Amino acid sequence: MPLTGKIAGALIIAISILALFSPILTSHEPEKIDLDGIKQPPGLEHPFGTDNKGRDIFSRVLYGGRISISIAIIAALISMSIGMLIGLCAGYFGGTVDTLVMAIVDLILAFPSLLLAIGVSIIFPPGIYTVMLAIAFVGWASFARLVRSQTLTLKDAAYIEAARAIGCSRARILFVHLMPQCLPIGLVMAGIKLGGYVLTEASLSFLGLGAQPPMPTWGSMISMNRAYIASEPWMVLFPGLAIAVTSLCFNMLGDGLRDKYGLKI
Amino acid sequence: MVGERAQPEVIEKIRKELGSDKDIFSQYAGYVKLLLTGEMGRSYYTNRKVLDDILMKFPNTIKLAFGAMFIAVPIGLFLGFLAAYKRDTSADRIISSLSILGLSLPVFWSGLLIMLFLSFKLKLFPPSGTGDIRFLILPALTLSLPAIATLVRVTRTSVIEIADMPFINTAQAKGLSVFRINSVHILRNVLIPLVTVIGLDFASYLNGAVLTETIFGWDGIGRFTMDGIMKRDYPVIMGCIIIGTVVFVLLNLLVDILYHYLDPRVRLYASDR
């Protein structure tokens with residue numbers, strides 16, 4: 001992997017540690033309202049300043065990181081699992097199953113992704129599970145397509161034929177012999193997609209469709225504080241910087257993975 | 001809609017008016033029937049026809065999308081060619097890193113930063129509103145950032161791919177100028193991936209426009225969708241999502257048809273051998 005990919009990977013670990021240990025690293029409660037200390041500029045007491053209710057932005061950004069990063073990763077894992085299962089079946093069984101599945105995949109990929117995610121998330125009550133569901137609903141299709149093509153090239157391999165000859169069941173061939181071969185490419189794809197999922201999560205919570213207040217998320221912090229952009233820019237600057245840096249690191253890691261495994265996506 | 005202390009009878013009456021007292025299947029059937037007659041229902045709040053509002057606001061979104069394309073295409077192509085031409089030099093590395101950065105910025109944040117610097121600090125443009133070109137520049141600039149990033153990446157990869165082909169060697173051997181090779185031989189061949197990207201981007205402006213238009217108060221489909229979401233105004237949300245999807249799919253189709261004219265090897269009909 002190129003150097004940038006490695007640096008990005010290290011930065012992601014660092015960001016995750018910051019988010020994971022946010023209770024130790026912050027001296028302020030993220031949801032504590034302090035009306036005596038509203039709109040304070042960044043300083044020693046509040047490294048990123050405070051918002052219009054006197055909440056410490058630094059701790060809100062760290063706690064928000066927990067939500068954003070875990071939603072992105074869990075959504076990627078859900079998309080990968082669903083996409084792999086469906087892709088394996090489509091590729092292995094072929095015929096009608098394949099035609100049907102690929103039609104649905106094309107349909108989902110033809111939709112504008114953010115619009116589709118918005119559409120899914122307004123059906124359910126807003127919250128972190130809805131966001132995961134919305135991202136996964138849009139996300140599984142590209143995994144299914146990739147895993148299907150991988151399965152198509154593998155299913156005629158000699159070892160699969162041998163497995164069939166000694167009487168392995170279909171389920172065993174699918175999950176014991178084929179799935180492990182598709183797992184690496186699925187994980188690489190998940191790595192490539194993560195940067196985009198961080199942005200989608202941020203956009204949804206900016207639109208008020210993500211985790212609900214008082215839970216801090218990066219998107220909702222920008223949305224709630226955007227009226228203060230001219231007078232107190234730090235309220236918007238730092239949450240956005242967190243989104244940009246996290247998504248940038250994931251994208252660079254994804255690029256590194258793509259180059260290393262020669263994937264064309 | 002009726003406030004928190006409404007009488008139960010009033011709530012019941014409104015539910016009956018909107019048809020939300022029926023079960024979900026007959027509601028869905030009712031909506032499909034409405035769509036088939038070319039209607040999208042009325043907004044819960046303004047009681048205006050959703051389709052009329054969409055048709056009124058759509059030109060603004062198109063204007064914004066064209067504005068963004070007008071900024072993105074020349075810059076993206078130029079930087080992409082430059083990066084490919086100076087492959088593996090520091091210029092290439094800088095351009096490539098910037099393009100990853102462009103893909104990673106959330107538009108609702110970069111838009112606010114652009115507003116902060118160009119509007120509040122330098123006072124060049126009005127921060128928000130709908131109107132002439134001065135109002136258009138900031139949202140178009142915001143929308144164009146991710147578009148430039150995608151264009152740079154695609155241009156760079158395809159130019160590098162084409163430049164390694166034998167016919168470019170031939171062109172060089174014939175002694176054609178660098179400009180002629182780039183503008184005639186290479187550009188003609190990278191057009192196909194580029195048209196795909198530009199077409200899809202144009203469609204995704206309608207996506208990104210939900211966020212950008214909201215920030216800049218641009219009176220288009222995007223902001224209309226956002227307002228609908230905020231107020232849970234379902235006819236508006238459904239209408240916007242349907243229109244957005246239809247436009248997206250139509251643009252995809254248009255791109256596919258354009259392929260044939262750009263590359264006659266691509267067949268339009270199965271029988272067209």
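Preceding block: the structure.
Within each chain, residues carry numbers counting from 1 in the order of the written sequence. Throughout, the order in which chains and ligands are written sets their labels, letters from A for the former and numbers from 1 for the latter. Only residues with pLDDT of 70 or above have their local features reported here, since the model is predicted, and side-chain atom pairs are shown and tallied only from 80 upward, although totals for entire chains, interfaces and linings are computed over all residues. Hydrogens and water are ignored here; the side-chain numbers use all heavy atoms of the structure.

A. Structural view of the packing of aromatic side chains. A pair of Phe, Tyr and Trp rings is counted when the ring centres sit within 6.5 Å of each other, with Trp represented by its six-membered ring. The angle between the planes then sorts it: under 30 degrees is stacked, over 60 is edge-to-face, the rest tilted. Taken as a whole, this structure holds two aromatic pairs over all chains when the rule is applied. Pairing tyrosine 92 of chain A with phenylalanine 93 of chain A gives two aromatic rings, centres 5.6 Å apart and planes at 75°, and the pair type is edge-to-face. Among the residues examined, tyrosine 92 of chain A registers a relative accessible area of 11% and is labelled buried. Exposure remark for phenylalanine 93 of chain A: the relative accessible area of 36% places this residue in the partly exposed category. On the basis of an interplanar angle of 20° and a centroid distance of 4.3 Å, the ring pair of phenylalanine 206 of chain A and phenylalanine 108 of chain B is categorised as stacked. Exposure is judged per residue with a 1.4 Å probe applied to protein chains only, and the accessible area is read against the type maximum: over 50% gives exposed, under 20% gives buried, and values in between give partly exposed.

B. A look at the interface of chain A and chain B. Of the residues lining the interface, 37 residues belong to chain A; the matching set on chain B comes to 32 residues. Using a 1.4 Å probe, buried area is obtained as the accessible area two parts lose upon being combined, added over both of them. Between chain A and chain B, a total of about 2,900 Å² is buried, with carbon and sulfur atoms accounting for 76% of that surface. The helix count covers DSSP runs of H or I at least four residues long, the strand count covers runs of E at least two residues long, and both are numbered beginning at the N terminus. Ranked by residues supplied to the side of chain A that touches chain B, first place goes to helix H10 (residues 234-261) of chain A with 12 residues. Each residue receives one of three labels: charged for Asp, Glu, Lys and Arg, nonpolar for Ala, Val, Leu, Ile, Met, Phe, Trp, Tyr, Cys and Pro, and polar for the others, Gly being one of them. Residue classes in the side of chain A that touches chain B are distributed as 25 nonpolar, eight polar and four charged. Contact definition: two residues touch when any of their heavy atoms are within 4.5 Å.

C. Summary view of empty space enclosed by the protein. Residues and elements named next belong to chain A. Cavities and pockets were defined on a 1 Å grid built from protein atoms only: a cavity is a group of points that admits a 1.4 Å probe but offers it no way out, a pocket is an open group of points flanked by protein on both sides within 12 Å along at least five of seven lines, and a lining residue is one with an atom within 4 Å of any such point. Grid points are joined across faces, edges and corners, and a volume is the space filled by probe spheres set on the points. Enumeration according to the criterion identifies two cavities of 30 Å³ or more in this entry. As a volume, the second largest cavity reaches approximately 30 Å³. Lining the second largest cavity are Asp51, Arg55, Arg60, Met221, Met224 and Asn225. Examining the composition of the lining of the second largest cavity, we find that three residues originate from one element, helix H9 (residues 218-225), more than from any other.

D. Spatial organisation of the nonpolar core. Buried Ala, Val, Leu, Ile, Met, Phe, Trp, Tyr and Cys residues that are joined via side-chain atoms within 4.5 Å together make up what is termed a nonpolar core. Counting 96 residues, the largest nonpolar core has Ile118, Leu178, Leu207, Ile222 and Ile243 of chain A together with Phe108 of chain B as its most contacted members. When residues in this core are grouped by element, the largest group, 16 residues, is from helix H8 (residues 170-206) of chain A. Setting aside anything within four residues of it in sequence, one finds leucine 207 of chain A in contact with Ile118 of chain A together with Val210, Leu211, Met226, Ile229 and Met230 of chain B. Grouped together as the second largest cluster of nonpolar side chains are 43 residues, Leu136, Leu143, Leu194 and Val236 of chain B included.

E. Focus on the pattern of salt bridges. Any Lys or Arg side-chain nitrogen located within 4 Å of an Asp or Glu carboxyl oxygen qualifies as a salt bridge. All chains considered together, the criterion is met by eight salt bridges over all chains. A salt bridge links arginine 258 of chain A to aspartate 255 of chain A; the shortest N-O distance between them is 3.4 Å. Linking arginine 258 of chain A with aspartate 255 of chain A, this pair stays in helix H10, spanning three residues, or about one helical turn. Look at arginine 258 of chain A and you get buried, because its relative accessible area is 18%. Given a relative accessible area of 17%, aspartate 255 of chain A falls into the buried group. Measuring nitrogen to oxygen at the nearest pair gives 3.6 Å for the salt bridge that ties aspartate 164 of chain B to arginine 87 of chain B. Separated by 77 residues along the polypeptide, aspartate 164 of chain B in the loop between helix H6 (133-163) and helix H7 (166-173) and arginine 87 of chain B in the loop between helix H3 (50-85) and helix H4 (90-104) bring together distant segments of the chain.

F. Fine view of a nonpolar patch on the surface. Residues and elements named next belong to chain A. Within the patch definition used here, like charges are joined within 9 Å and nonpolar side chains (Val, Leu, Ile, Met, Phe, Trp, Tyr) within 5 Å, considering only residues with over 30% relative accessible area and no salt bridge. Working definition of accessibility: Shrake-Rupley area with a 1.4 Å probe, residue cover restricted to the visible protein chains. A surface patch of nonpolar side chains, about 700 Å² in accessible area, is lined by Ile13, Ile17, Leu18, Leu20, Phe21, Ile24 and Leu25. Counting only elements with at least two residues in the nonpolar patch, the list comes to helix H1 (3-20) and helix H2 (22-25). With four residues, the single largest contributor to the nonpolar patch is H1. For isoleucine 24, the location among the structural elements is in helix H2.

Coordinates in, geometry out; function isn't part of it.
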